[in-house]
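Residue-level listing of the chains:
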Amino acid sequence: LHRTLSALRSWATFRSDERLLAALRGQRLPAAHRVTAKLPLEEYEWNALIDAIRADARIDAPLRDVLLLMALRGFRCGDALRLKRTQVAAAVRSGKLVFKAKGSRNLEWDIRSIRDVLESLLRTGSWSAVVDIVSPSAAGPVKAAEKRANGHLRRIATSVDIDASDIKALQVDVTLP
């Protein structure tokens, strides 16, 4: 319903139909809800996924590091790709990673579970943001890097019998011990 209403509003704006646009502006829909619930992965599934990411020979070191950030600490793909070299270096020095997450939220995370991953990123050539070393394309690098990372994560998850139909369901809310 939400998509349909949005499409109708766009159509009314495109057609400059003020009467239809006014009628659509007054429409209120119930809150959106998921058709299928997101179920968290069991700890053994997380461990299998992390081991599979580390062992996968089809990905290079920077992409492996991004996938490990997602699996070990629960980063969103876009948040991991937006990390700056200066943020990563400061985190390795201080033990706390401070970054701007989705919705312009400033987050501060302890890096004990991901220190080796951050150090590996720092050893990877010259870059200013993680997206620079992961993206296969200079044109639209963020979208290309997200597509590449999410595609490989789906493939790896499927290889360890995890349903990866919705990659966002693979995000972890807590750091595993």
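Residues numbered from 1 in each chain as written. Predicted model: local features only at pLDDT ≥ 70, side-chain atom pairs only at ≥ 80, totals over all residues. Heavy atoms only, no water.

Draft legend 1. Region of the structure containing the packing of helix α3 (residues 43–55) against helix α9 (residues 141–159). Look at α3 against α9: their axes get within 9 Å of each other, and the N-to-C directions meet at 120°. By the angle between their axes, α3 is oblique relative to α9. The two elements α3 and α9 meet at a crossing, and its hand is right-handed. In this structure, α3 uses L49, A52 and I53 to contact α9, whose residues at the interface are L153, I156 and A157. Residue composition of the contact of α3 with α9, grouped by class: six nonpolar, no polar and no charged. (Axes fitted to C-alpha atoms, helices over the stretch in contact; angles between N-to-C directions. Helix = DSSP H or I, 4+ residues; strand = E, 2+ residues; numbered from the N terminus. Parallel < 35°, antiparallel > 145°, perpendicular 65-115°, else oblique. Left-handed = near helix turned anticlockwise from the far one by under 90°. Contact = heavy atoms within 4.5 Å. Nonpolar A, V, L, I, M, F, W, Y, C, P; charged D, E, K, R; others polar.)

Draft legend 2. Structural view of α3. Between its first and last C-alpha, α3 extends 18 Å over 13 residues, near the 18 Å set by a 1.5 Å rise per residue. For α3, the complete set of buried residues consists of E45, W46, L49, I50, A52 and I53. The arc that holds the buried residues of α3, viewed along the axis, is 160°, so those residues lie on one side. Those residues of α3 that are exposed and angled more than 90 degrees off the buried face are Y44 and A55. Packing partners of the buried residues in α3 comprise α4 (61–73) and α9. (Expected span 1.5 Å × (residues − 1). Buried < 20%, exposed > 50% of the residue type's maximum accessible area, 1.4 Å probe, protein only. Arc of directions from axis to C-beta.)

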